[in-house]
Amino acid sequence: MTSLGERRTELSQFLRSRRARLTPADVGLTAYGPRRVPGLRREELAQLAGVSVEYYVRLEQGRNPHVSDGVLEAVGRALRLDPAERTHLRNLARPDRALPDTAPARTAIRPSLRRLLDAQPGPAYVCGHLTQVLAWNALAAAVFGDFGDVPGQRRTFAHLIFLEPRYRALFADSWGPKAEATVAFLRVSVGRYPDDPELAALIGTLAMKSEEFAALWARQDVADKGPGRYTLCHPLVGPLTLDFEVLRTPEPGQVLVSYLPAPVPGAAEALGLVGSWGLTGA
């Protein structure tokens, strides 16, 4: 279970990291004198948010659990937070009002969702809040490899991307964006489920075993799963460019990620070849 001190540390580090990425010029303020650290000072942020310096300091230190929606909105605007970052700020600042912090159980997906998954024309899988792959269709196995061959505790994209060389080679030039998106999503999960021991264990393992993960984690970036494009380097066909969409399910923490060939030359043909190979085992 996450302690109160750990939650305060998360909040403090997040707010300081967001201050550090802004300069006075970014927000229309005049800078006076040299700065020992980059970014906005607490006094400047408090001015922009319309609160006293003492009040903002208490917030940043996690000593103001009753902060109002209005103040959090003002701080979010001052820091130029996007919607995902604003939600993360509210979850950290007021964990008692965040989403239920009981982590979703590792359960099988609903039969109807399983049918929807199998009916997808492209590769598709269902992911949980740990980036764990809960279910997948045959074309996803042909593109990404059979997730069934990966032991359950390691069947997370977080583990695969940072600790499995095969996935680094598969994502090739898209590895950086995929790694950043994976870490940013885990930050979202920390805000939603701060008391999840599996999440804490996953992050601890990755931070110890991967310097790249540790560096990205320290950036405090926050982003929920969203649509995008990756160009893979598939061992059968070489470059394979896929677009993907993310569909949220009623179950807490679960999303359906569905891929389709990008509208670029050769993508549909390459995916068709991968599918034929995967289904025939040729």
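Let me begin by describing the structure that accompanies this report. Not measured: the values here are computed from a predicted model. (Residues numbered from 1 in each chain as written. Predicted model: local features only at pLDDT ≥ 70, side-chain atom pairs only at ≥ 80, totals over all residues. Heavy atoms only, no water.)

Attention shifts here to the pairing of strand 3 (residues 228-234). One ladder, built from seven bridges, connects strand 3 with strand 4 (residues 238-248); its direction is antiparallel. Across the sheet, the residue bridging to Gly 228 is Phe 244, located in strand 4. Taking the residues that link successive antiparallel strands as the turn, the strand 3-strand 4 hairpin has three residues. (Pairing = 2+ DSSP bridges. Helix = DSSP H or I, 4+ residues; strand = E, 2+ residues; numbered from the N terminus.)

Those residues of helix 2 (residues 42-49) that sit buried are Glu 44, Leu 45, Ala 46 and Ala 49. Just downstream of helix 2, Gly 50 is the residue with a positive phi angle, here 75°. (Buried < 20%, exposed > 50% of the residue type's maximum accessible area, 1.4 Å probe, protein only.)

In total, this model carries 17 aromatic pairs according to the counting rule given. Each ring, one from Tyr 125 and one from Phe 157, has its centre 5.1 Å from the other, and the planes form 40°; the classification is tilted. Pair noted here: Tyr 125 is in strand 1 (residues 124-127) and Phe 157 is in helix 8 (residues 157-163), with a separation of 32 residues, a long-range link. Judged on exposure class, the residue Tyr 125 and its partner Phe 157 are both buried. (Phe/Tyr/Trp six-rings, centres within 6.5 Å; stacked < 30°, edge-to-face > 60°.)

Core analysis: the largest hydrophobic core is formed by 44 residues, its most contacted members being Tyr 125, Phe 144, Phe 147, Phe 162, Tyr 167, Phe 171 and Leu 232. In contact with Tyr 125, other than residues within four places in its own chain, are Leu 117, Val 133, Ala 135, Trp 136, Phe 144, Phe 147, Phe 157, Lys 178, Val 255, Leu 256, Val 257 and Tyr 259. Membership of the second largest hydrophobic core comes to 26 residues, among which are Val 51, Tyr 56, Ala 78 and Leu 81. (Core = buried A, V, L, I, M, F, W, Y, C linked by side-chain atoms within 4.5 Å. Contact = heavy atoms within 4.5 Å.)

Before going further, it helps to spend a moment on the pattern of salt bridges. Scanning all chains against the criterion turns up 16 salt bridges. Across the pair Arg 19 and Glu 60 runs a salt bridge whose closest N-O atoms are separated by 3.0 Å. Taken together, the positions of Arg 19 in helix 1 (residues 4-20) and Glu 60 in helix 3 (residues 53-60) put the pair 41 residues apart, joining distant regions of the chain. Close ionic contact of Asp 224 with Arg 248 constitutes a salt bridge, the shortest N to O distance being 3.9 Å. Residue Asp 224 is located in the loop between helix 12 (211-218) and strand 3, and its partner Arg 248 is located in strand 4; the two are separated by 24 residues in the primary sequence. With relative accessibility at 26%, the residue Asp 224 sits in the partly exposed group. (Salt bridge = Lys/Arg side-chain N within 4 Å of Asp/Glu carboxyl O.)

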